[in-house]
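If you want the building blocks of each chain, they are given just below.
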Amino acid sequence: MLFVLILILSLIAQLFLPWWSVAVVCFALAFWKAHRGGQAFTAGFLGVGLTWLGAALFWQVVSDGILSARVAEMFTVESPWVLLAVTVMLGGLVGGVSAVSGFFVRRALV
């Protein structure tokens, strides 16, 4: 349930708000719904990671790979797929750490 909420709300937040809004979404939802720290981290990591994977694949397909190839070249990365993997990992870490932070803040307050 927490994973699905994070996935849907972070997708909606990414459409209208800056990238860091996913951290606020994960923090708030884990503060409200998480029962364990591991569950919060996993839900945040997978929810935001899959959201960013979908967005990266969308732009990869729409631009025929030109956009990701140029960004990979700008960052001196060998392949656009490495850039995609790093993007998904960073998004997942932002989501996971912010979700587990929300869980521990609630635990500290209650």
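Before any of the text, the structure's been laid out above.
Note on numbering: residues in each chain are counted from 1, in written sequence order. Where totals are concerned, whole chains, interfaces and linings use all residues; where local detail is concerned, this predicted model gives features only for residues with pLDDT of at least 70, and gives and counts side-chain atom pairs only at 80 or more. As a rule here, side-chain values cover all heavy atoms of the structure and leave hydrogens and water aside.

## Observations concerning the nonpolar core
Note the threshold: What makes a nonpolar core is a set of buried Ala, Val, Leu, Ile, Met, Phe, Trp, Tyr and Cys residues whose side-chain atoms join them at distances within 4.5 Å. The rule is simple: take the accessible area with a 1.4 Å probe, protein chains only, and divide by the maximum for that residue type; under 20% is buried, over 50% is exposed, in between is partly exposed. Each helix is a run of H or I in the DSSP string that is no shorter than four residues. Each strand is a run of E no shorter than two, and both are numbered from the N terminus. Contacts are residue-level and defined by heavy atoms, with any inter-residue pair within 4.5 Å sufficient.
The biggest cluster of nonpolar side chains holds 15 residues, and the ones touching the most others in it are Leu-2, Ile-6, Ala-34, Ala-40 and Val-48. When residues of this core are traced back to their parent elements, those giving at least two are helix H1 (2-16), helix H2 (21-33), helix H3 (37-62) and helix H5 (80-109). Of all the elements, H2 adds the most residues to this core, at 5 residues. Look past the residues within four positions of Ile-6 in its chain and what remains in contact with it is Leu-11, Cys-26, Leu-29, Ala-43, Gly-44, Gly-47 and Val-48.

## Brief notes about the environment of Leu-84
Summarising the element assignment, Leu-84 is placed in helix H5. Using a relative accessible area of 14% as the deciding quantity, one classes Leu-84 as buried. In the structure, Leu-84 is positioned 28 residues away from Ala-56 in sequence and 6.6 Å away in space, judged by C-alpha atoms. If we ignore the near neighbours within four places in the chain, the residues touching Leu-84 are Leu-53, Ala-56 and Leu-57.

## Side note on the environment of Ile-66
Along the polypeptide, Ile-66 turns up in helix H4 (residues 66-74). Judged by its relative accessible area of 47%, Ile-66 is partly exposed. Sequence separation between Ile-66 and Pro-80 is 14 residues; the distance between their C-alpha atoms is 9.3 Å.

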